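What follows is the residue order along each chain.
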Amino acid sequence: DSIDARNLQVRHYYGMDTVDYLGIWDIALGRITGWPYFRIHADRLWNLVAQYIFNRRTLVTKRRSEILAEVVGIVEQGADGVSAMSLLSNRYGHRWAGHPDWEPLNNGVEFHLDMLVDSGELRKIGHRYTPTGLALKALEETQEQERRHKANLRLQGALAALTLVAAAAAAVQANLIK
């Protein structure tokens, strides 16, 4: 029995990473140049820098209505429920778990989710939360309030502009502006 040098497969476990070689020449080239290991170290450095930049961000717990909207959105996409951790992963990606303030943030989101359960807008099954009919009603009411608020802001802007035009017209009529 002999080993075929072209079909030799070697997997080198390098820390938490792996380097796969196919053939004796691939092994020799990889070990001599060190290219696979350089790539691993570059990826690790990139991840460290990206995590450092992410850790400088302040992670905030969103408003109650925003959390409810996120839960409904995730469940509408086909999930059978949402946990606090999956909600944070959906919002921030996987890096949130490496953030120095991840525990208070997770506890805050869990607290908000539990309050939504107490108000009847969510139902808790194990560690997962699912929306109820009250959640949809509350979201519709919040959206309606926001729509009315924006309409009021537009109306106030139009009234302010109209007031300025009327004041300018009065000043012209009183010969204050020539």
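Only a predicted model underlies this, so the values are computations on that prediction, with no experimental measurement involved. (Residues numbered from 1 in each chain as written. Predicted model: local features only at pLDDT ≥ 70, side-chain atom pairs only at ≥ 80, totals over all residues. Heavy atoms only, no water.)

J.: It is not clear to me how the nonpolar core should be interpreted in this structure. Could you clarify?
T.: Across soluble globular proteins, you tend to see nonpolar side chains buried next to one another. Counting residues in hydrophobic clusters, the biggest one holds 21 residues, and the most contacted among them are L68, L87, L113 and L122. Of all the elements in the fold, those that place two or more residues in this core are α3 (64-76), α4 (84-92), α5 (102-118) and α6 (133-173). Top contributing element to this core by residue count: α3, with five residues. Apart from the residues lying within four places of it in its own chain, the contact partners of L122 are L68, V71, L113, L116, V117, Y129, T130, P131 and T132. With five residues, the next largest nonpolar core counts V19, I27, Y37 and I40 among its residues. (Core = buried A, V, L, I, M, F, W, Y, C linked by side-chain atoms within 4.5 Å. Buried < 20%, exposed > 50% of the residue type's maximum accessible area, 1.4 Å probe, protein only. Helix = DSSP H or I, 4+ residues; strand = E, 2+ residues; numbered from the N terminus. Contact = heavy atoms within 4.5 Å.)

J.: Before we go on, may I ask you to explain the pairing of strand β2 (residues 17-22) in this structure?
T.: On a regular strand, one side chain projects to one face of the sheet and the next to the other, so that they alternate. In terms of strand pairing, strand β1 (residues 9-14) meets β2 through six bridges, oriented antiparallel. Looking at β2, one finds that H12 is bridged to V19. In this antiparallel pair of consecutive strands, β1 and β2, the connection spans two residues, and G15 shows a positive phi of 65 degrees. (Pairing = 2+ DSSP bridges.)

J.: Honestly, the packing of helix α1 (residues 24-33) against helix α2 (residues 35-55) in this entry has me stumped. Any pointers?
T.: Working note: a packed helix pair is described by the angle between its axes plus the distance between those axes. The interhelical angle for the contact between α1 and α2, taken along N-to-C directions, is 55 degrees, at an axis separation of 6 Å. Taken together, the axis directions place α1 and α2 in an arrangement best described as oblique. Within the contact between the two elements, α1 uses G30, R31 and T33 and α2 uses W35, P36 and Y37. (Axes fitted to C-alpha atoms, helices over the stretch in contact; angles between N-to-C directions. Parallel < 35°, antiparallel > 145°, perpendicular 65-115°, else oblique.)

J.: In this structure, what is going on with α2? I would like to understand it.
T.: One turn of the α-helix equals 3.6 residues, which is why residues spaced by three or four share an orientation. The terminal C-alpha atoms of α2, which comprises 21 residues, lie 30 Å apart, in line with the 30 Å expected from a rise of 1.5 Å per residue. Residues of α2 that are buried include every one of P36, Y37, I40, A50, Q51 and F54, and no others. For α2, the angular spread of buried residues about the axis comes to 150 degrees, placing them on one side. In α2, those exposed residues whose orientation departs by more than 90 degrees from the buried face are W35, F38, L45, W46, L48, Y52 and I53. The inward-facing, buried residues of α2 abut β1, β2, α1 and α4. (Expected span 1.5 Å × (residues − 1). Arc of directions from axis to C-beta.)

J.: Could you clarify how one ought to interpret the pattern of salt bridges in this entry?
T.: When the charged atoms of two side chains lie near each other, side chains of opposite charge can form a pair. Under the criterion given, the structure shown has eight salt bridges. The residue R44 makes a salt bridge to D17 at a minimum N-O spacing of 2.9 Å. Placement of the pair is R44 in helix α2 and D17 in strand β2, with a sequence separation of 27 residues. Taking relative accessible area as the criterion, R44 reaches 31% and is therefore assigned partly exposed. A residue is classified by how much of its surface remains accessible, and D17, at 28% relative accessible area, is partly exposed. E70 is the salt-bridge partner of R91, the closest N and O atoms lying 2.8 Å from each other. (Salt bridge = Lys/Arg side-chain N within 4 Å of Asp/Glu carboxyl O.)

J.: Just checking my understanding: could you explain α5 for this structure?
T.: Counted at 1.5 Å a residue, the expected span for α5 with its 17 residues is 24 Å, and the 24 Å between its end C-alpha atoms agrees. Residues of α5 that are buried include every one of L105, N106, G108, V109, L113 and L116, and no others. In an axial view of α5, the angular spread of the buried residues amounts to 160 degrees, which keeps them on one side of the axis. Of the exposed residues in α5, those oriented more than 90 degrees away from the buried face are P104 and D118. Count one or two residues on from α5 and you reach G120, which has phi positive near 90 degrees.

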